[in-house]
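Secondary and tertiary structure notes
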Amino acid sequence: MNPREAVAHLTPGTWARANRHLVRKALSEFAHERLLIPEPIPGGRYAVRSDDGTVEYRFAATLLPLDHWRIDAGSITRHRVPASGEPGTETGTETGTETGTETGTETGTETGTEAEAGAGAELPLDAIAFCVELRGTLGLSDRILPIYLEEIGSTLSSAAYKLTKPQVGAAELAKASFQEIETGMTEGHPCFVANNGRLGYGVHEYHAYAPEAARPVRLIWLAAHRDHATFTCSADIDHDRLMRDELGEEVLARFAATLAELGLDLADHLLIPVHPWQWWNKLSVTFAAEVAERRLVCLGSGDDEYLAQQSIRTFFNTTVPSRHYVKTALSVLNMGFMRGLSAAYMEATPAINDWLADLVAGDEILRATRLTILRERAAVGYRHRQYEAATDRYSPYRKMLAALWRESPVPGLEPGRRLATMASLLHVDHEGRSFAGALVERSGLAPEEWLRRYLDAYLTPLLHSFYAYDLAFMPHGENVILVLDGGTVERVIFKDIAEEIVVMDPDAPLPPGVDRVRAEVPEHMKLLSIFTDVFDCFFRFLSDALAADGVLDEETFWRTVAECAAGYQASVPHLAGRFERYDLFAETFALSCLNRLQLRDNQQMVDLADPSAALQLVGDLANPIARFAAER
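Residues numbered from 1 in each chain as written. Predicted model: local features only at pLDDT ≥ 70, side-chain atom pairs only at ≥ 80, totals over all residues. Heavy atoms only, no water.

Looking at an unreviewed UniProt entry, one finds the protein named IucA/IucC family protein, with Nonomuraea cavernae as its source organism. The record in UniProt for the protein states the following under Sequence similarities (unreviewed entry): "Belongs to the IucA/IucC family." In UniProt, the protein has this text filed under Pathway (unreviewed entry): "Siderophore biosynthesis." (UniProt positions renumbered as here; feature names shortened; annotations may be inferred.)

1. Focus: the overall build of the protein
On a plain count of helices and strands, the protein comes out with 22 helices and 26 strands. Compactness check: the protein gives a C-alpha radius of gyration of 25 Å against a globular reference of 26 Å for 632 residues, within 12% of the reference. Along the longest, intermediate and shortest principal axes, the C-alpha atoms of the protein span 80 × 65 × 45 Å. Looking at the 632 residues of the protein, the share that counts as buried comes to 56%. Contacts in the protein between residues far apart in sequence, at least 24 positions, make up 75% of those at least 6 positions apart. Counting every atom, the protein has about 24,700 Å² of accessible surface; 52% of that belongs to carbon and sulfur. (Helix = DSSP H or I, 4+ residues; strand = E, 2+ residues; numbered from the N terminus. Rg over C-alpha atoms; globule rule 2.2 N^0.38 Å. Buried < 20%, exposed > 50% of the residue type's maximum accessible area, 1.4 Å probe, protein only. Contact = heavy atoms within 4.5 Å. Areas by Shrake-Rupley, 256 points an atom, 1.4 Å probe, with all protein chains shown as cover.)

2. A word on unusual backbone geometry
In this structure, R198 is a non-glycine residue whose phi angle is positive, near 45°. Following the sequence through the fold, R198 ends up in the loop between α7 (178-183) and α8 (203-209). Its relative accessible area of 5% is what places R198 among the buried residues. Even without a glycine there, the phi angle at D496 is positive, about 60°. By the element assignment, D496 lies in the loop between β23 (488-494) and β24 (502-503). The class of D496 is buried, set by a relative accessible area of 13%.

3. Comments concerning the sheet that holds strand β6 (residues 77-80)
Taking strand neighbours across the sheet as the criterion, the five strands line up as β1-β2-β3-β6-β7 in an open arrangement whose pairing is antiparallel. The open sheet has two edge strands, β1 (39-41) and β7 (122-123), and neither has a second partner. When strand β3 (residues 55-59) meets β6, the two strands line up antiparallel, connected through four bridges. Looking across to β6, one finds that Y57 is bridged to R78. (Pairing = 2+ DSSP bridges.)

4. Quick notes on the sheet that holds strand β18 (residues 376-382)
Taken in spatial order, the six strands line up as β9-β18-β19-β14-β13-β12 in an open sheet, and their pairing is antiparallel. Strands at the two margins of the open sheet, each flanked by one partner only, are β9 (229-233) and β12 (306-308). Taking each pair of neighbouring strands and ignoring which way they run, the sheet shows an average axis angle of 20°. When strand β13 (residues 314-317) meets strand β14 (residues 325-328), the two strands line up antiparallel, connected through two bridges. From the neighbouring strand, F315 faces β14, where its bridge partner is V326. Contacts between helix α9 (residues 239-247) and the sheet are confined to β9, β12, β18 and β19 (402-406), with β19 contributing the most and set at about 75° to the helix. Sitting on the sheet, helix α14 (residues 349-362) is in contact with β9, β18 and β19, with an inclination near 165° to β18. (Axes fitted to C-alpha atoms, helices over the stretch in contact; angles between N-to-C directions.)

5. Regarding the UniProt feature "domain: Aerobactin siderophore biosynthesis IucA/IucC N-terminal" (unreviewed entry) in the protein
Taken from the UniProt record, the annotation "domain: Aerobactin siderophore biosynthesis IucA/IucC N-terminal" (unreviewed entry) applies to residues 177-427. Secondary structure within residues 177-427 divides into 32% helix and 22% strand; the distance between the first and last C-alpha atoms comes to 15 Å.

6. Things to note about the packing of aromatic side chains
Enumeration according to the criterion identifies 32 aromatic pairs in this entry. Ring centres of W221 and F255 lie 6.4 Å apart, and the angle between their planes is 40°; this geometry places the pair in the tilted category. Residue W221 is located in strand β8 (residues 220-225), and its partner F255 is located in helix α10 (residues 249-261); the two are separated by 34 residues in the primary sequence. You can call F255 buried: its relative accessible area is 0%. Taken together, a centroid distance of 5.5 Å and an interplanar angle of 10° make the contact between Y454 and Y458 stacked. (Phe/Tyr/Trp six-rings, centres within 6.5 Å; stacked < 30°, edge-to-face > 60°.)

And the structure:
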């Protein structure tokens, strides 16, 4: 790819569309988190002004349950505000419709530069300018602001790229394969505005490694001397067997021969898969001494091809889909974290997964939902002793070389069933049709029945894990895989276990090593694991998507959620005391704000060892199922 081709997606037309979409999201989510307070203006519209009062955004919106701002993207306009005593000249329109061509501007009125615009003139929508104009309102410090702007720019570039891909309708995507759905997503995390930062990728690397690019990737393999590396695994596997299963005898023989040429023995080494970006940009330079002293030996690429998943550092094997996912360290800044992996942190990963798998298998309610987890069966990490001596446990220099192997969902798939990431339920195509709505239509079920089956599969195990075990998952769209029978959700699979589950009971008996997942969470914050992660950060968007598509209204959506919760509670009367202590039907719950975390520190958003300490709680939200409490 030549330099010009690499930026072919960056045209005036795609850039204008990407900016309009992201400004809409910024207005909606920042208003939801009460960073912005939209003011009603004549014509049933709302307005938000810049910090200095010189620029105003105007738009049409509907306020839905959970203070969700459904904003009409086409209605958004940006205006220069007349100074006191200065006559206004409203030269633009209030519609903001996207009538421009790729060779022109976004709308017919946005022809001048911002510097040339007179008082009252309409200005082009610009997400980066939006953040600068509202930097004080958003709480962006001098240190964070430029990095955040870079993340916004990268998110816009990603959106522009997706706009140039062949447009696949929701109905067609609802029939597609697992990885076609995974690479067909266009939004990313529904809450975060800057959700595709990926700082560190050059544009050529974006084309090679971004999930939406859907380019096959071959992982690079390193041999690490056992004196400097650690490997842990589940009880039913070992290193040599895993390597034979994942690489095959021919590749293993090739790797052994490479080491033998250097006078080294494969038996003295552990094999570590590496993201190609990590090798070229970090390990070959930052770990140069380890390579020079042959504590690390580059063996070259493996034979299997992989596709990057939405989480960018996890790969699905497309050559042999039954083989494990591989999760790699990646020193790229994305959505509040450097996406590395700690060698020390990974050691307990298989034991945590085995413990959870046993808990799920041994629980009658969880078995009835047919919940399964994708175990992270093995982990490997390299211990760079000099960096460990020079840094604390949070340092990105300790997270540059590690990997884990996670089970593939393919071997356990029943005949005639398909897989889809749960994030796909929030996908809306270029014509405004929702993927969830397309699944409902494909299922042949009434929308309420379709939703109830999904909730029984997804929400019930989350509720039971919380009420029976004080156990919370991080069940966002990318961490859940749906098993589909036609368009119907039959069961779900949870993944990304060891890094993101938490046991909130200080007295729960946990095996050695597994106690890492225990965290002290204040009583009043425990149920936020459902209210925030499920209701506010997923159902809020799913309800809107189904309602906007004309499939299911909000009232019916939340009534069905309440019925599922009440049905679960009725099935386990021995937990009645827990239901009273942690009331799922409470009138309100605390608003926990994700963007505020990123705006405060977009390089280390949360301490994973104490996640509740970092939460940004701002007032309360009305619980959308509270009004159905009497119907129980």
